[in-house]
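Remarks on the overall topology
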Amino acid sequence: MDNVFDYEDIQLIPAKCIVRSRSECDTSVTLGKHTFKLPVVPANMQTIIDEKIALMLAENGYFYIMHRFEPEKRTDFIKDMHKRGLIASISVGVKDEEYNFVEQLAADKLIPDYITIDIAHGHSESVIKMIQHIKKHVPESFLIAGNVGTPEAVRELENAGADATKVGIGPGKVCITKIKTGFGTGGWQLAALRWCSRAASKPIIADGGIRTHGDIAKSIRFGATMVMIGSLFAGHEESPGETIEKDGKVLKEYFGSASEFQKGEKKNVEGKKMLVEHKGSLKDTLQEMEQDLQSSISYAGGKKLEAIRTVDYVVVKNSIFNGDKIIY
Ligand SMILES: NC(=O)C1=CN([C@@H]2O[C@H](COP(=O)(O)OP(=O)(O)OC[C@H]3O[C@@H](n4cnc5c(N)ncnc54)[C@H](OP(=O)(O)O)[C@@H]3O)[C@@H](O)[C@H]2O)C=CC1
Ligand SMILES: Nc1nc2c(ncn2[C@@H]2O[C@H](COP(=O)(O)O)[C@@H](O)[C@H]2O)c(=O)[nH]1
């Protein structure tokens, strides 16, 4: 591994603008058989997405991945989305019952458009076996597998049949993996993304550590096709977490999928809960993200996302905020 850096250590270098208005810049991205408005997907976590948000995202042309923490609802969810002519995108784990679930989907001819294998340590035999099982029974589904943090892992999951891999071990806002285990890409997620993307022959989804909209452009520059985001999507009007009033402030909860709150027990806990300030409507945030990314494309000197992939950059170690706070 050569130089390591993270989002806050990098600035992209502007190139000559070729548009008269940022509205000319196109932020859409294709993943599998579908094209989406933004290269962004809200994290498949229980305080970030629910059926209502999934519906809103799909209806408005955004990619989504439903979480896997209410497994009994998944079949009806797929049926409902397909009945409405929308994509069905679900998550699975790797435990025995998930094998039966996949076989049942095939038997019922209920084929999700996207399936994501959502596991903390995705570079494992259990994930490789699940990739092979899904590809055997529902080969039509676009299969995302993760999470991983090395080129070897990306190659192994791609070779096993994954159509895309998800990169990011421990950079998440509610993650404590790095503290509890000493492992992960926390603090150098952007460099890990570059390292992994050089080995990848299929799309990569950068997952975790996005703190500003500019980090989306940086992820694209360093090899991501899509970016998964939790904390920036937490705390909205529509967000599933509980709303709490404290000292005159309206707050919402955001907790890790490996937290005690999610698991209901204190076993192998690698996530925490935090309260985030209420952020207004999710639709407004998505619109602001689109405008900011259109602006990024214009600074890259192009009209499409691809322009960002080749811009120059500088490393400005831990200094780009220059003491400023990020306030929205
Ligand atoms: N992106 C990230 O950095 C991280 C994300 N998470 C999120 O937390 C949720 C729970 O993840 P996860 O615990 O994997 O899911 P599960 O609790 O469903 O565990 C899946 C299976 O993998 C085993 N397993 C889990 N971690 C390891 C490991 N480090 N080594 C070997 N086997 C392991 C579990 O067994 P057993 O529990 O008995 O070991 C279990 O059999 C997911 O949504 C995941 O995305 C969690 C941590 C890090
Ligand atoms: N180590 C843990 N990582 C987790 C947990 N729950 C979710 N996640 C990961 O975080 C990202 C979101 O990151 P953010 O920086 O945008 O907030 C999410 O997609 C998962 O990969 C957890 O309990 N522990």
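Computed from a prediction, not measured in an experiment: that's the story for all the values here. (Residues numbered from 1 in each chain as written. Chains lettered and ligands numbered in written order. Predicted model: local features only at pLDDT ≥ 70, side-chain atom pairs only at ≥ 80, totals over all residues. Heavy atoms only, no water.)

A look at the overall build of the protein chain
- Helix and strand counts for the protein chain come out as ten helices and 14 strands.
- Relative to a compact globule of 328 residues, whose C-alpha radius of gyration would be 20 Å, the protein chain shows 19 Å and is just as compact.
- Sorting the 328 residues of the protein chain into buried and exposed places 52% on the buried side.
- Residue pairs at least 24 apart in sequence account for 68% of intrachain contacts in the protein chain once pairs closer than 6 positions are excluded.
- Accessible surface computed for the protein chain: about 15,400 Å², of which carbon and sulfur atoms make up 48%. (Helix = DSSP H or I, 4+ residues; strand = E, 2+ residues; numbered from the N terminus. Rg over C-alpha atoms; globule rule 2.2 N^0.38 Å. Buried < 20%, exposed > 50% of the residue type's maximum accessible area, 1.4 Å probe, protein only. Contact = heavy atoms within 4.5 Å. Areas by Shrake-Rupley, 256 points an atom, 1.4 Å probe, with all protein chains shown as cover.)

Observations regarding the sheet that holds strand 9 (residues 204-207)
- Read from one edge of the open sheet, seven strands run 4-10-9-8-7-6-5, paired in parallel fashion. In this open sheet, the two edge strands, each paired with only one partner strand, are strand 4 (40-42) and strand 5 (89-92). Strand-to-strand, the axes of this sheet are offset by a mean angle of 25 degrees, without reference to chain direction.
- Note: strand 6 (residues 114-118) against strand 7 (residues 142-148), five bridges, orientation parallel. (Pairing = 2+ DSSP bridges. Axes fitted to C-alpha atoms, helices over the stretch in contact; angles between N-to-C directions.)

Observations concerning the packing of aromatic side chains
- Across all of its chains, the model carries nine aromatic pairs by this definition.
- Measuring from ring centre to ring centre gives 4.9 Å for Phe36 and Phe63, while their planes differ by 45 degrees; the resulting arrangement is tilted. In this pair, Phe36 sits in strand 3 (residues 34-36) while Phe63 sits in the loop between helix 1 (51-59) and helix 2 (74-83), placing the two residues 27 residues apart along the sequence. In this pair, the class of Phe36 matches that of Phe63, namely buried. (Phe/Tyr/Trp six-rings, centres within 6.5 Å; stacked < 30°, edge-to-face > 60°.)

Digging into a positive patch on the surface
- On the surface, a cluster of positive charge is contributed by Lys95, Lys180, Lys263, Lys266 and Lys267.
- Along the chain, Lys267 falls in the loop between helix 9 (260-263) and strand 13 (273-277). (Patch = residues over 30% accessible without salt bridge, like charges linked within 9 Å, V, L, I, M, F, W, Y side chains within 5 Å. Salt bridge = Lys/Arg side-chain N within 4 Å of Asp/Glu carboxyl O. Lys, Arg positive; Asp, Glu negative; His and termini not counted. Charge placed at Lys NZ, Arg CZ, Asp CG, Glu CD.)

Observations concerning the site of ligand 1
- Around ligand 1, 17 residues are found, and the nearest of them are Arg68, Asp118, Ala120, Gly168 and Gly170.
- Asp118 is positioned with one of its side-chain polar atoms (N or O) 2.5 Å from an oxygen atom of ligand 1.
- In this structure, an oxygen atom belonging to ligand 1 sits 2.8 Å away from a main-chain N or O atom of Ala120.
- About the coverage of ligand 1: the protein hides 64% of its 860 Å² of free accessible area.
- Residue classes in the shell around ligand 1 are distributed as six nonpolar, seven polar and four charged. (Near = heavy atom within 4 Å. Polar contact = N/O pair within 3.5 Å; in protein donor to acceptor, adjacent residues only side chain to side chain. Nonpolar A, V, L, I, M, F, W, Y, C, P; charged D, E, K, R; others polar.)

Considerations on the site of ligand 2
- Around ligand 2, a shell composed of 22 residues is seen, among which Thr177, Asp207, Tyr254, Ala258 and Glu270 lie nearest.
- The separation between an oxygen atom of ligand 2 and a polar side-chain atom of Asp207 is 2.5 Å.
- If ligand 2 stood free it would expose 520 Å²; the protein chains cover 90% of that surface.
- For the shell around ligand 2, the residue count by class is seven nonpolar, eleven polar and four charged.

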